[in-house]
Amino acid sequence: KEECEFRKLVSAEVDLYKKIRLECLQKFPDNFGSYYEEELQTNEFKFEKAILSGTESDFMIGAFLSNSLIGICGFTRMKRKKTNHIGEISQLYIKPEFSGKVIATGLMKSAIDEAFKIKGLEKIILAAVESNSAALKLYQKFNFVEYGRLENYFKVKGKYQTQVFLSFTK
């Protein structure tokens, strides 16, 4: 049985990131804050610059199986001095055919471990739509604690979704 490899994406893999990012927006539009069509129109995807420049404070962890990118999890450190002890995890996605195989757990662990290598980082925040119970269950497994909810956060085809905000302190 082949092991899944978890590591930061490098500049040569930016197109793999863009492809899987578009896939997650197509397959699970309710779970992410952007529309597929919106993302296609942008000049630069959220993590594109971080992948290309290889910065320590912003990165995308990839899950690779047989050299194929099957999952992603991004991290961004807050930029302002008053908040740069905080970072955010976003864009967690596993290809559906690999769900339930603890790959999301490996991605989260890798992202958290990598984030806390950053000097001065103390807290990680993230958010998920209330209906994404699998994601919320995963985050709670890592001791993320809910600190708030915002009703009607997303409006998709006339239907509202509640966003759940969670944090983890080292």
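Reading the values: rules and limits
- Residues numbered from 1 in each chain as written.
- Predicted model: local features only at pLDDT ≥ 70, side-chain atom pairs only at ≥ 80, totals over all residues.
- Heavy atoms only, no water.
- Salt bridge = Lys/Arg side-chain N within 4 Å of Asp/Glu carboxyl O.
- Core = buried A, V, L, I, M, F, W, Y, C linked by side-chain atoms within 4.5 Å.
- Buried < 20%, exposed > 50% of the residue type's maximum accessible area, 1.4 Å probe, protein only.
- Helix = DSSP H or I, 4+ residues; strand = E, 2+ residues; numbered from the N terminus.
- Contact = heavy atoms within 4.5 Å.
- Disulfide = S-S within 2.5 Å.
- pLDDT = per-residue confidence, 0-100.
- Pairing = 2+ DSSP bridges.
- Lys, Arg positive; Asp, Glu negative; His and termini not counted.
- Polar contact = N/O pair within 3.5 Å; in protein donor to acceptor, adjacent residues only side chain to side chain.
- Phe/Tyr/Trp six-rings, centres within 6.5 Å; stacked < 30°, edge-to-face > 60°.

A. Region of interest: the pattern of salt bridges. Counting across every chain of the model gives 13 salt bridges. A salt bridge links Lys117 to Glu114; its shortest N-O distance comes to 3.3 Å. If you follow the salt bridges from partner to partner, you end up with Glu5, Arg7 and Glu13 in one network.

B. Quick peek at the nonpolar core. The biggest cluster of nonpolar side chains holds 33 residues, and the ones touching the most others in it are Phe75, Ile89, Met108, Ile112, Ile124, Tyr139 and Phe144. Counting residues per element, the ones that place at least two in this core are strand E2 (58-65), strand E3 (68-77), strand E4 (86-94), helix H4 (103-115), strand E5 (123-129), helix H5 (133-141) and strand E7 (159-169). With six residues, the single largest contributor to this core is H4. Not counting the four nearest positions on each side in its chain, Phe75 is found in contact with Phe47, Ser57, Asp58, Phe59, Gly87, Glu88, Ile89, Ala115, Ile118, Leu121 and Ile124. Judged by nonpolar contacts, the second largest core, of 17 residues, contains Cys24, Leu25, Phe32 and Phe47.

C. Molecular detail of the state of the cysteines. A complete count under the given rule lists zero disulfides for this structure. Free of any disulfide, Cys4 has its nearest neighbouring cysteine sulfur in Cys73, separated by 13 Å. Not engaged in a disulfide, the cysteine Cys73 finds its nearest cysteine sulfur in Cys24; these two sulfurs lie 12 Å apart.

D. Fine view of the confidence of the model for the chain. Scored by pLDDT, the chain has a mean of 92; 99% of the residues are at 70 or more. Ranking the helices and strands of the chain by mean pLDDT puts E5 first, with 97, and helix H2 (residues 36-41) last, with 84.

E. Structural context of the pairing of E5. Counting buried residues along E5, five of its seven residues qualify, which places the element largely inside the surrounding structure. Pairing of E4 with E5 involves three bridges; the strand directions are parallel. Bridge pairing in E5 links Gly87 to Ile124. Where E5 meets E7, seven bridges bridge the pair, whose relative direction is antiparallel. Its bridge partner being in E7, Ile125 is matched across the sheet by Ser167.

F. Looking closely at the side chain of Arg77. Looking at the secondary structure, you find Arg77 in strand E3. Among buried charged residues, Arg77 stands out as having no salt bridge; its nearest opposite-charge side chain is Glu56, 5.4 Å away. Looking at Arg77, its side chain comes within polar contact range of the main-chain oxygen of Asn84, at 2.5 Å. Beyond its immediate sequence surroundings of up to four residues, Arg77 is in contact with Ser57, Asp58, Asn84, Ile86, Gly87, Ile118, Lys119, Gly120 and Leu121.

G. Up close: the packing of aromatic side chains. Following the criterion strictly, the structure yields 11 aromatic pairs and no others. For the pair Tyr147 and Phe165, a centre-to-centre distance of 6.1 Å together with 45° between the ring planes defines the contact as tilted. Note that Tyr147 is positioned in strand E6 (residues 145-156) and Phe165 in strand E7, a separation of 18 residues in sequence. Note on Tyr147: relative accessible area 48%, which makes it partly exposed. Phe165 gets classed as buried once you look at its relative accessible area, which sits at 19%.

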